[in-house]
Amino acid sequence: MDLVVVGTGGLAREFSAFFSEEVNIVGYSSTNPEEFEEFALPGKYFGSDITPNSVGTKYAVLAIGSPATKRAVSDKLNKLGFVFPNLVHSSAVTATNVIEADCEGVIISPNCVVGTNVHFGNHVYINFMVGVGHDATFDNFVQVNPGAQIGGAVSIGEEVLIGSGSTVLQGQKINKSSTVGSGAVVFSTVAEDSTVIGNPAMRLKLPRREE
């Protein structure tokens with residue numbers, strides 16, 4: 001499969017290293033040509049204004065860490081006719097058929113384990129060495145960073161970021177637009193648009209601004 005990678009940051013470089021033998025990366029789209037050159041990424045640099053004709057393929061992968069930014073780029077590229085395949089690395093173990101699931105743009109990275117009856121929304125990116133328990137659900141534009149462990153029957157809302165090495169215990173709910181900090185252990189529901197850190201995970205309180 002020929003595809004273009006959208007992004008040239010760390011996530012894009014990881015995707016390239018992991019999947020370069022499983023797909024043919026024709027090039028990269030971003031607003032940062034210096035980053036493309038600095039890291040000697042393979043293929044061509046296409047800039048940020050792309051179409052399926054200009055890159056030579058309709059298939060694209062959104063390698064963008066920010067869930068909100070990923071949503072905006074997805075909306076733009078969908079209107080231009082791009083298609084976002086579901087990809088599962090050959091080293092991942094999945095009891096759920098991700099490839100044929102009714103979603104798009106789901107990426108399962110190396111050495112992940114995905115349990116049975118897991119439901120994915122669009123553009124869920126599971127980075128390397130992540131465990132996902134049975135009956136978990138992921139809404140659209142969720143980013144799960146390396147080493148996170150998601151328990152069975154966990155519910156994760158739209159545009160949630162799960163930090164590296166964090167743990168979400170069985171049956172918990174992470175509401176939309178929230179962030180679970182790296183290494184956090186979630187024992188209870190995480191409120192919408194909040195950030196939790198620590199063990200047990202507690203809501204991060206920002207310093208009060210002076211008037």
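Residues numbered from 1 in each chain as written. Predicted model: local features only at pLDDT ≥ 70, side-chain atom pairs only at ≥ 80, totals over all residues. Heavy atoms only, no water.

Asker: Break down the pairing of strand β1 (residues 2-6) for me, with residues and values.
Answerer: A large share of β1 lies buried, amounting to 4 of its 5 residues. Pairing of β1 with strand β2 (residues 24-29), which is carried by 5 bridges, proceeds in the parallel orientation. Bridge pairing in β2 links valine 4 to glycine 27. Crossover handedness for the path β1 to helix α1 (residues 10-19) to β2: right-handed. (Buried < 20%, exposed > 50% of the residue type's maximum accessible area, 1.4 Å probe, protein only. Helix = DSSP H or I, 4+ residues; strand = E, 2+ residues; numbered from the N terminus. Pairing = 2+ DSSP bridges. Right-handed = clockwise from strand over helix to strand, strands pointing away.)

Asker: Before we move on, could you go through the UniProt feature "site: Increases basicity of active site His" (unreviewed entry) in the protein chain and cite the residues and values that matter?
Answerer: Per the UniProt record, the feature "site: Increases basicity of active site His" (unreviewed entry) sits at Asp135. Note that aspartate 135 resides in the loop between β11 (131-132) and β12 (137-138). Those residues within four positions of aspartate 135 in sequence are excluded, and the remaining contacts are Thr116, Asn117, Val118, Ala153 and Val154. (UniProt positions renumbered as here; feature names shortened; annotations may be inferred. Contact = heavy atoms within 4.5 Å.)

Asker: If you had to explain the sheet that holds strand β16 (residues 161-162) to someone new, which residues and values would you point to?
Answerer: Strand order in the open sheet formed by 8 strands is β5-β7-β10-β13-β16-β19-β21-β22, and the pairing between neighbours is mixed. Whereas interior strands pair on both sides, the edge strands pair on one side only; in this sheet they are β5 (87-88) and β22 (202-203). Judged from the 2 bridges that link them, strand β21 (residues 195-197) and β22 form a sheet pairing that is antiparallel. The partner of valine 196 across the bridge, within β22, is arginine 203.

Asker: An account of the environment of leucine 87 is needed here, citing residue identities and associated values.
Answerer: Within the secondary structure layout, leucine 87 lies in strand β5. Given the relative accessible area of 10%, leucine 87 is considered buried. For the pair formed by leucine 87 and valine 106, sequence separation is 19 residues and the distance between their alpha carbons is 6.3 Å.

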